[in-house]
Amino acid sequence: MKHFKITTENSRLSARDIADNFDDLHPPLDGAQAIVEAGRCLYCYDAPCMNACPTRIDIPKFIHQIRSGNLDGSAQTILSANIMGGACARACPTEVLCEEVCVVHHTEGAPVKIGELQRHAVDHLMAKGGAHPFARAPLSGCKLAVVGAGPAGLSFAHRAAMLGHDVVVYEAKPKPGGLNEYGLAAYKMANDFAQAEVEFLLAIGGISIEHGKVLGDNLSLGDLCTNYDAVFIGAGLTNARGLGVDGEDLAGVGDALEFIETVRVAEDKSSVPVGDNVVVIGGGNTAIDAAVQAKCLGARNVTLAYRRGPDAMTATQWERDLATANGVVVRYWAAPKTFSGGARVERAAFSTMRMDDGKLTPSGDSFELPADMVLKAIGQTLNSAIFSALKLEGGKIAVDAHYQTSLPGVYAGGDCIKSGEDLTVQAVEDGKQAAIAADNMLRAKRKGAGE
Amino acid sequence: MSDLGCIIGGIESINPFWLASAPPSDKKYNVERAFKAGWGGAVWKTLGVDPPVVNVTSRYGVHRTQDRRIIGINNIELISDRPLDVNLREIEEMRREWPDRVIIGSIMAPMDEEAWKSLAIKVANSGVQGIELNLGCPHGMCERGMGSAVGQDPEFVEQTTRWVREAVNIPVFTKLTPNVTDIIVPAAAAKAGGAHAVSLINTVNSVIGVDLDTMAPTPTVDGRGTHGGYCGEAVKPIALHMTAEIARQPETQGLEISAIGGITTWRDAAEFIALGAGAVQVCTAAMLYGFRIVEDMNEGLAAFMRDKGYRSIADFKGKATAQTVDWNELNINHDLKARIDDEACIECGRCFIACEDTAHQAIRIDAKPEGGRKFTVIDDECVGCNLCMHVCPVKDCITMEAVDTDRPYLTWPEHPKNPLRKAAE
Ligand SMILES: Cc1cc2nc3c(=O)[nH]c(=O)nc-3n(C[C@H](O)[C@H](O)[C@H](O)COP(=O)(O)OP(=O)(O)OC[C@H]3O[C@@H](n4cnc5c(N)ncnc54)[C@H](O)[C@@H]3O)c2cc1C
Ligand SMILES: Cc1cc2nc3c(=O)[nH]c(=O)nc-3n(C[C@H](O)[C@H](O)[C@H](O)COP(=O)(O)O)c2cc1C
Ligand code: SF4
């Protein structure tokens, strides 16, 4: 567990401290450490870890390849299942995925560090450079469009290019990567890893990205359907939810994601303004990331207020421990009531909550916290207005078992559809599977056309 | 109180742990440190006829497991490269300063009576308690007609042993090479030549690895390599077998054995003694970990003997020999089935895939109603081979259970399916 440098009674953080805080959360394993760690793997048959990975990386095999000294092959094993194996190695909550079910828990009390080993292999291959590890199938002549250069869109693009298709990716933002670039905590993606990974993935060829292209603004789904053989939507969730409480529009009250993005894009993290008394509202990993990064920037007091109890919190235990170990105070059963102050927010008032017959209700008590910065981390929603042509389900784009939307030839994946979890690794799997489905569809079509 | 003292070839030692003739016993400085650490004796690094040999660089290669532990060393070093008189002077000093420890002089000479005899006499005069004949080096020396070139020819083994017996009146140990098809042949030759004991094994001829960048065997000497002598933990099973055979075959029964080969812990030593060794010698373990490993060899062996009620080494020497038999004497009617302890099982699947791919397809996987998988042995298919038990990472999770077959002890010579069956009527 990393301990960041935090502001105390009598010390402020220096720019150097802040830069250190945003360095790698887990320092990479060196070669000798990786061999020792790999030696702990039991090389399970039909391994539980592999089944717990949304992209089904052959984990025992890639770990065995680290042991045998075949690091190139190890990376190839990982990337063939998950082209963003590098980002996933850094960002996956392995404690609830592969590492949770690793049987070495039972023999040694702690799982094999699968994520760190994965990073070791992938980093090796990326640092080595040279030719892209995957070749493209004979070109199909088909052109595919992708909306959104996040993990889902890029994974789709890579797999489609590998299967022989040409791909154009339309992206609203100036940089590719989606939340890998703008959302993941900065200390998880140190050293501009997200851009390095995009560059690596594009080296397969056949993919171009057009930035500043916004679906529903200067780009229409209808045009895409007309001009391309298939379309993939990986636009994520871009609308921020509102709390609907008084004072939400005061200066100093903002969206956690915007704050995180500001941190991510800042070259010099010490230039990012942060409050002295920061209050984060929410109970997911975004709330944790915002709270911890506020601490890393030097905020004196950071309180994470969650309206339900600990059991309902979606942030993993590991993430919660990271926050509390670094001085974040977590207040459960606290629902925001009002934010108040002068020109800027100065105080946040909360109702104390309790469960009444399975219903969350105010207990009647309330409390106030000093707050010069309030960060809302209560989830993002689909910008449904731009997807009126598609069937939606539970506020997200509806897809069938082959990731096809209600419009034939239009596929979708990642956060914008209702899959398992909002995780990078799930978005990568969605994109990969959707590309395979689209490829099957195009092949069947050509066969049908008598080619 | 258990007593670690022992007598081998007529020589008394305070404990059964001696340094084998090798770099650890190369000179006074080392041997003194070893005796301080607690070693009972040392077989001095092999002495030859002057002028001393010249060694090459580098000299060692190693065999590692995947987790980088060394399980074997291969060396291309020759015998002592220091002048004979320097070695003899140091031996004399050591004998004077450490009267309760054993020093054996190891010697090697060309196939010439005069050479062997005069070298043996010179070395005996330094005060050593015994002489060991090095008939083993499988590299370098054998190209000059010495070492394993002698040890592989039973006539030479008998001859050299007899020469040395005739020359000196202290105990003679003949050190055998394992690089032969049947160890009984040179062991019997040593016995015929009058050896008080045999020491074995010397190193196993080997190429330890190939450097895939330079495409040369390792260790590499200026771009080229050669075969060398393999030793350390990995050779222990070979040495155990040879020890067992010499102890139990009629031709060599009664011949005393100073066992060598991969001994690293007290347990290894105890196994050799159980198979008939009177004492042991160690080289690689000392080279890898230093002389201090003898502390636990002494303490561990004493604790084992105390636990088992053995008052002396002689009490359990050869205790496993009677149970070491030819395959033809084993009971074919004995039956075992693997048992998997569900409580202990961590569901790694290693037993399943081992049995499925390479044994008898005798393990079944069922999905558990509560999630996870249950592994069950299909008794009808299980031949009791032990493979699953060995690959299981959890201690005692898979055990082998004896099946009560009600059938009598039956050996292959008596078995109905044996076409050459001896009629049992
Ligand atoms: C703060 C935060 C922290 C997180 N931390 C983790 C973590 O540690 N581990 C983990 O596994 N997951 C984490 N997640 C979740 C993870 O980031 C997402 O599940 C994943 O990025 C989803 O990928 P995606 O491709 O579906 O969407 P996104 O990454 O959101 O990418 C969507 C892309 O589409 C573009 N786009 C959107 N609308 C349009 C449009 N109209 N026209 C053109 N382009 C458009 C966007 O600019 C963006 O580039 C985190 C999420 C957040 C918000
Ligand atoms: C570097 C090296 C040099 C050796 N030199 C000799 C030697 O001069 N004379 C000899 O009889 N045996 C020599 N041996 C063999 C050892 O004495 C011993 O028989 C062998 O290594 C097996 O024991 P171990 O597994 O404990 O090492 C040498 C072994 C090594 C590793
Ligand atoms: S569950 Fe653990 S031990 Fe088994 S294969 Fe996966 S990493 Fe290795």
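Cut-offs used in this document
Residues numbered from 1 in each chain as written. Chains lettered and ligands numbered in written order. Predicted model: local features only at pLDDT ≥ 70, side-chain atom pairs only at ≥ 80, totals over all residues. Heavy atoms only, no water. Domains from an automatic or database assignment. Near = heavy atom within 4 Å. Polar contact = N/O pair within 3.5 Å; in protein donor to acceptor, adjacent residues only side chain to side chain. Helix = DSSP H or I, 4+ residues; strand = E, 2+ residues; numbered from the N terminus. Nonpolar A, V, L, I, M, F, W, Y, C, P; charged D, E, K, R; others polar. Contact = heavy atoms within 4.5 Å. Buried area = accessible area lost by both parts, 1.4 Å probe. Salt bridge = Lys/Arg side-chain N within 4 Å of Asp/Glu carboxyl O. Areas by Shrake-Rupley, 256 points an atom, 1.4 Å probe, with all protein chains shown as cover. Buried < 20%, exposed > 50% of the residue type's maximum accessible area, 1.4 Å probe, protein only. Pairing = 2+ DSSP bridges. Axes fitted to C-alpha atoms, helices over the stretch in contact; angles between N-to-C directions.

A. Local environment of the domain arrangement of chain B. Domains assigned within chain B are domain 1 (6-315) and domain 2 (329-424). The C-alpha centroid of domain 2 of chain B is placed 40 Å from the C-alpha centroid of domain 1 of chain B.

B. Region of interest: the site of ligand 1. All names here are of chain A. Of all residues adjacent to ligand 1, which total 33 residues, the nearest are Ala91, Glu171, Leu179, Lys188 and Asp415. Here an oxygen atom of ligand 1 sits 3.4 Å away from a polar atom, N or O, in the main chain of Gly234. One nitrogen or oxygen atom from the main chain of Thr424 is found 3.0 Å from an oxygen atom belonging to ligand 1. Breaking the shell around ligand 1 down by element, the ones donating at least two residues are α10 (151-162), β2 (166-171), α14 (256-265), α15 (285-297) and α17 (424-448). Tallied by class, the residues present in the shell around ligand 1 amount to 16 nonpolar, ten polar and seven charged. Shared between two domains, the shell around ligand 1 holds at least three residues of each, these being domain 2 (143-238 + 382-450) and domain 3 (240-379).

C. How the structure looks around the interface of chain A and chain B. Listed per partner, the contact involves 13 residues of chain A and 13 residues of chain B. With both sides pooled, the region where chain A packs onto chain B buries about 1,100 Å², and carbon together with sulfur makes up 65% of that total. When residues of chain A are sorted by the area they lose upon contact with chain B, Leu42, Tyr45 and Arg67 of chain A head the list and together hold 50% of the total. The tally of links between chain A and chain B comes to one salt bridge. Where chain A meets chain B, there are four residue pairs in polar contact (both at pLDDT 80 or more). Those elements that place two or more of their residues in the side of chain A that touches chain B are α4 (59-67) and α8 (104-108) of chain A.

D. Just the site of ligand 2, in detail. All names here are of chain B. In the neighbourhood of ligand 2, 23 residues make up the surrounding shell, with Ser21, Thr46, Lys175, Gly262 and Thr284 lying closest. Contact between ligand 2 and Asn134: a nitrogen atom at 2.9 Å from a side-chain N or O atom of the residue. Ile201 has a polar backbone atom sitting 3.0 Å from an oxygen atom of ligand 2. Here ligand 2, which alone exposes 610 Å², has 99% of that area covered by the protein. Looking at the shell around ligand 2 residue by residue, the class counts come to ten nonpolar, ten polar and three charged.

E. Broad picture of the pattern of salt bridges. Residues and elements named next belong to chain A. With the rule as written, the count across this model stands at 44 salt bridges over all chains. Across the pair Lys376 and Glu248 runs a salt bridge, and its minimum N-O distance is 2.8 Å. One end of the pair, Lys376, is in strand β13 (residues 373-376); the other, Glu248, is in the loop between β5 (239-240) and β6 (253-255), and 128 residues separate them in sequence. As far as the burial class goes, Lys376 and Glu248 line up, both buried. One salt-bridge network, in which partners are shared between bridges, spans Asp24, Arg90, Arg119 and Asp123.

F. Region of the structure containing the sheet that holds strand β7 (residues 102-107) of chain B. Residue and element names in this part refer to chain B. Strand order in the closed barrel formed by eight strands is β3-β4-β7-β8-β9-β10-β15-β16, with parallel pairing between adjacent strands. Taken pair by pair, the neighbouring strands of this sheet meet at an average axis angle of 25°, ignoring direction. Here strand β4 (residues 41-43) runs beside β7; their pairing, made up of three bridges, is parallel. Each bridged residue has a counterpart across the sheet, and for Gly41 the counterpart in β7 is Val102. Helix α1 (residues 28-37) rests against β3 (17-19), β4 and β7 of the sheet, and its axis sits at about 150° to β4.

G. Highlighting the side chain of Lys117 of chain B. Residues and elements named next belong to chain B. On the secondary structure map, Lys117 appears in helix α3 (residues 113-124). Lys117 gets classed as buried once you look at its relative accessible area, which sits at 18%. Only 2.7 Å separates the side chain of Lys117 from the side chain of Glu113, close enough to count as a polar contact. The residues touching Lys117, leaving out its near neighbours within four places in the chain, are Trp163, Glu166 and Ala167.

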